[in-house]
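Descriptive analysis of the structure
Spelled out, the chains give:
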Amino acid sequence: MDRETRLFAENYFRSARGPLPGRVCPPPARVDWIEKPESFSYADFFKGYLLPNVPCVFSSTFTEGWGSRRRWVTADGKPDFDHLLRNYGDVVVPVANCELQEYNSNPKEHMPLRDYIGYWREHIQGGYASPRGCLYLKDWHLCRKKWLLFPPGQEEALRDRHGSLPYDVTSPTLLDRRLHPKQEHCSPPLEVIQEAGEMIFVPSGWHHQVYNLEDTISINHNWINGCNLANMWHFLQQELRLVQQEIVQWKDTMPDWHHHCQVIMKSCTGINFEEFYHFLKVIAERRLLILAKSMDPVESKGSEVVELGPQQAAFDIGRIAEVLASVVVHPDFQRVDTSACSPRPEELLQQLEEAVATIATSL
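Residues numbered from 1 in each chain as written. Predicted model: local features only at pLDDT ≥ 70, side-chain atom pairs only at ≥ 80, totals over all residues. Heavy atoms only, no water.

To describe a pair of aromatic rings, one takes the distance between the centres and the angle between the planes. Within the structure shown, the criterion is met by 18 aromatic pairs. Ring centres of Tyr42 and Phe46 lie 5.8 Å apart, and the angle between their planes is 55 degrees; this geometry places the pair in the tilted category. Of the two residues, Tyr42 and Phe46 are both situated in helix 2 (residues 42–50); the distance of four residues between them amounts to about one turn of the helix. For Tyr42, a relative accessible area of 40% corresponds to the partly exposed category. With centroids separated by 6.2 Å and ring planes inclined at 80 degrees, the aromatic side chains of Trp72 and Tyr88 adopt a geometry described as edge-to-face. Of this pair, Trp72 sits in the loop between helix 3 (67–71) and helix 4 (81–88) while Tyr88 sits in helix 4, and the two are 16 residues apart along the sequence. Overall, Trp72 belongs to the buried group, its relative accessible area being 17%. Judged by relative accessible area, which is 26%, Tyr88 ranks as partly exposed. These aromatic residues form a ring-pair network of at least three members: Phe40, Phe45, Tyr49, Phe58, Phe62, Phe201 and Trp223. If you follow Lys146 out to its NZ or CZ, it ends over the ring of Tyr211, 5.4 Å from the centre. (Phe/Tyr/Trp six-rings, centres within 6.5 Å; stacked < 30°, edge-to-face > 60°. Helix = DSSP H or I, 4+ residues; strand = E, 2+ residues; numbered from the N terminus. Buried < 20%, exposed > 50% of the residue type's maximum accessible area, 1.4 Å probe, protein only. Lys NZ or Arg CZ within 6 Å of the ring centre and 35° of its normal.)

The subject of this paragraph is the nonpolar core. Core analysis: the biggest nonpolar cluster contains 35 residues, and Leu236, Phe273, Phe276, Leu280, Leu324, Val327 and Leu352 have the highest contact counts within it. Among the elements of the structure, helix 6 (229–246), helix 7 (257–269), helix 8 (273–294), helix 10 (310–328) and helix 12 (345–362) are those that each provide at least two residues to this core. Looking at this core, the element that brings in the most residues is helix 10, giving eight residues. The contacts of Leu236, once residues within four sequence positions are left out, are Met265, Thr269, Ile271, Phe273 and Phe276. Of all hydrophobic cores here, the second largest spans 15 residues; its members include Leu84, Val93, Leu113 and Tyr119. (Core = buried A, V, L, I, M, F, W, Y, C linked by side-chain atoms within 4.5 Å. Contact = heavy atoms within 4.5 Å.)

Okay, the pairing of strand 3 (residues 92–97) next. Each regular strand displays side chains that alternate between the two surfaces of the sheet. In the sheet, strand 3 pairs with strand 4 (residues 108–112) via five bridges, with the strands oriented antiparallel. Counterpart to Val95 in the pairing with strand 4 is Glu109. Note that strand 3 and strand 5 (residues 135–137) share three bridges and pair antiparallel. By the bridge assignment, Val95 is partnered in strand 5 with Leu137. (Pairing = 2+ DSSP bridges.)

To continue, consider helix 2. Among the residues of helix 2, those classed as buried are Ala43, Phe45, Phe46, Tyr49 and Leu50. Those residues of helix 2 that are buried lie in contact with helix 1 (3–14), strand 1 (32–34), strand 2 (56–58), strand 8 (199–201) and helix 10.

For the structure shown, the criterion picks out 16 salt bridges. Note that Arg121 and Asp82 form a salt bridge whose closest N and O atoms lie 3.1 Å from each other. Here the residue Arg121 occupies a position in helix 5 (residues 113–125), and Asp82 occupies one in helix 4, the gap between them amounting to 39 residues. Residue classification places Arg121 among the partly exposed residues on the basis of a relative accessible area of 31%. Here Lys266 and Glu275 are joined by a salt bridge, their closest N and O atoms 2.7 Å apart. On the accessibility criterion, Lys266 (36% relative accessible area) is partly exposed. Salt bridges sharing common partners tie together Arg144, Glu195 and Glu214. (Salt bridge = Lys/Arg side-chain N within 4 Å of Asp/Glu carboxyl O.)

Shown next as structure tokens:
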């Protein structure tokens, strides 16, 4: 990130033109297709898509050098089962049964990849049918993809009268006003066909559903960044409120009720308020180190730490400081025992605010 991009981003958030957590966002008219890597910079991506939180598709030119495109598929573009078996056959993978439903997800089992590939071959030979049902290998999406994308906030109109999201956004049951009283307020989703070799950027908070159209293999990666950090904090607050609503009848009789809410929240989302603070702390300390080294001519020479760049570090520090300022005053976070944390949340916030002041005058 360069200085101009950082200042652009800081002004974007300062002027509140960005997508605020919890706000219903209208869908864009279309999803942009990015063709040439040489004419598209990180700054272009940051300003045009990451910052405003809108999707885009990258052409297959961006992934031409990926080893997976050469080694994981055959010359005609089909999965190379023999290569996968030789290199990953003994790897144990999670597999979901798409024909069974447990609440809003599918039951999972674990098996060696070679067993799953055996099933996959039988499934193809059987005309894409199997008495074992449709088994889905988690994180190895076996298809050319069709995406249905709903902007942040639109998913609220998809919820049923109990507050649950639909298992299938195309199900005829969504037309039942008794079950889905808000569905008429939901805009049609953006539809994207992701071709072989292409990449798609799915923005933070966009509800989506994916269809597997052909046999293929895809790679997915989720990440938190300065642009969507506030969205994550907003999501965690929502999740805690849902847990608290579920067990509110035991609030006056259950010892350490608030602690149990955090425990249940972690089991559902994989993280609670205490761990969110530790996440912020680790990232903040790394960004502060990058900033310090970049401002010291001796330390910055030959340092690998500064590869991220001081401007990116400065932007992230500002976003972390803003989110942490909200965290430390949250009543439920104040109930969390942070006595063993070093530094304490208030101390870290002070360090970040001092760094923000330094950035404003010297970077």
